[in-house]
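Descriptive structure summary
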Amino acid sequence: MKKAAVSLILILAGCALLMAAAAAQEDMVVVDPGPFENPQRPPSTFRHEEHNLAADIWECNVCHHVYDEEGNLLDDESSEDMRCVDCHFLEDTGTQPGLMKAFHLNCKGCHIKEAKGPVMCGECHRWRQPAADGPGAG
Amino acid sequence: MHSVYSFVTGPMVWVAFGVFVAGCLFRLVVLLSQVSRKEPFIFSYMNLKWSLRSIGHWIVPFATVNWRRHPVLTVVTFVFHICLFLVPIFLLSHIVLVDEAWSISWAALPDGLADALTLTVIACCLFFLVRRIRSPEVKFVTYPSDYVILAIVAAPFVTGFLAYHQWFGYPVMFILHVIAGEIMLIAIPFTRLSHMLFAVFTRAYMGSEFGGVRKAKDW
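On a predicted model such as this, the values are computed, not experimentally measured, just so you know.

As for the environment of A:Pro118
- Position of A:Pro118 among the secondary structure elements: in the loop between α3 (99–114) and α4 (121–124).
- A:Pro118 sits 73 residues away from A:Thr45 along the chain, and the two C-alpha atoms are 9.8 Å apart.

Concerning the state of the cysteines
Residues and elements named next belong to chain A.
- The full count for this structure, using the stated rule, is zero disulfides over all chains.
- Of all cysteine sulfurs in the structure, the one in Cys84 sits closest to Cys87, which takes part in no disulfide; the separation is 8.7 Å.
- Here Cys110 stays free of any disulfide, with the sulfur of Cys63 as its closest cysteine sulfur at 7.8 Å.
- Assessed through its relative accessible area of 26%, Cys110 is described here as partly exposed.

Remarks on helix α11 (residues 170–187) of chain B
- Taking 1.5 Å of rise per residue, 18 residues should cover 26 Å, and α11(B) covers 26 Å from first to last C-alpha, within 8% of that figure.
- Buried within α11(B) are the following residues: B:Tyr170, B:Met173, B:Phe174, B:Ile175, B:Val178, B:Ala180, B:Glu182, B:Met184, B:Leu185 and B:Ala187.
- Buried residues along α11(B) sit in contact with α4 of chain A together with α1 (2–9), α2 (11–38), α6 (71–89) and α10 (144–165) of chain B.

Notes on unusual backbone geometry
- Phi is positive for A:Ala115, which is not a glycine, with a value near 50 degrees.
- Classification of A:Ala115 as partly exposed rests on a relative accessible area of 44%.
- Phi angles above zero are rare outside glycine, and B:Phe62 is one such case at about 65 degrees.
- For B:Phe62, the location among the structural elements is in the loop between α4 (48–58) and α5 (65–69).
- In this structure B:Phe62 comes out as partly exposed when scored by relative accessible area, which is 35%.

Topic: the packing of α1(B) against α11(B)
Residue and element names in this part refer to chain B.
- Close contact between α1 and α11 brings their axes to 10 Å; oriented N to C, the two are set at 20 degrees. With respect to each other, α1 and α11 are oriented roughly parallel. For the element pair α1 and α11, the recorded crossing hand is left-handed. Residues Val4, Tyr5, Val8 and Thr9 of α1 form the contact with α11, whose own contacting residues are Phe174, Ile175, Val178, Ile179 and Glu182.

What counts and what doesn't
- Residues numbered from 1 in each chain as written.
- Chains lettered and ligands numbered in written order.
- Predicted model: local features only at pLDDT ≥ 70, side-chain atom pairs only at ≥ 80, totals over all residues.
- Heavy atoms only, no water.
- Helix = DSSP H or I, 4+ residues; strand = E, 2+ residues; numbered from the N terminus.
- Disulfide = S-S within 2.5 Å.
- Buried < 20%, exposed > 50% of the residue type's maximum accessible area, 1.4 Å probe, protein only.
- Expected span 1.5 Å × (residues − 1).
- Contact = heavy atoms within 4.5 Å.
- Axes fitted to C-alpha atoms, helices over the stretch in contact; angles between N-to-C directions.
- Parallel < 35°, antiparallel > 145°, perpendicular 65-115°, else oblique.
- Left-handed = near helix turned anticlockwise from the far one by under 90°.

Here you go:
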């Protein structure tokens, strides 16, 4: 009985955590600039769910990636339970880009490649965030 | 907008820097070959000591009679030239782009300070403009091209300032800023902006002539 209660609580707690995480990424409107020491720009616009829907991205690990020891990208693993800053330091380390560069290469890199989405500084780092009405034009 | 962006921040950057570097080399080679053809004797009295002495005096504010005679102009001139180089070389956004392209980076000015220095450059340009219009002795030696050159220099700073603050149509201002910078680079070797290259030679020549030949100061 006690065991069942504990597992029930654990399961509920697990669901709550998952929902909190889901809510968190659904509510995300900008990328948190917290890890940066002295941010110079307004945080980049990024409505996690709307963005990935509009951009037609279904694999989480396009962004939340995992590499093995040799630096090979692992196709069937993902790291959405971690933040970019957990692996990317502020400065470059070897071939691993520093945090700002990781964001820029990831975000801007895809936008340039697909010729869709923002590529100029102020299209992401907006001083005046647009009204909360879905993804704007890139 | 993506194709315009890729073009002005891709091939056009190479063209601009290519023309700038090749143009500067070309102008220097032409200068040296002309001097050696027409007035080779100049080389006979070029002298490192007198050259450095002259350059030394002219790059220090108020170290020459001419600088002292026009104190306001002197201060504006020095502040202007210092900011003119400081801002673009140590601007965060420029370093970010260079770092992304080649993984080379260096210390950046905080954006707030760069913003203030940019306004300083713009203010100095306005000062030069008003001086050209108002001061009779300057107006007398002013050609229309002088206004064009002033505009070429001011444009990257004005557009950069507006783009940074995202006033007046952001994406277009960004593109205009990049183009304005490229125009300025291309203009340097072929306009009076080439004093960036020649100032040192002019001073070395004047210094050597005054020091070695006329036994006088050129400041």
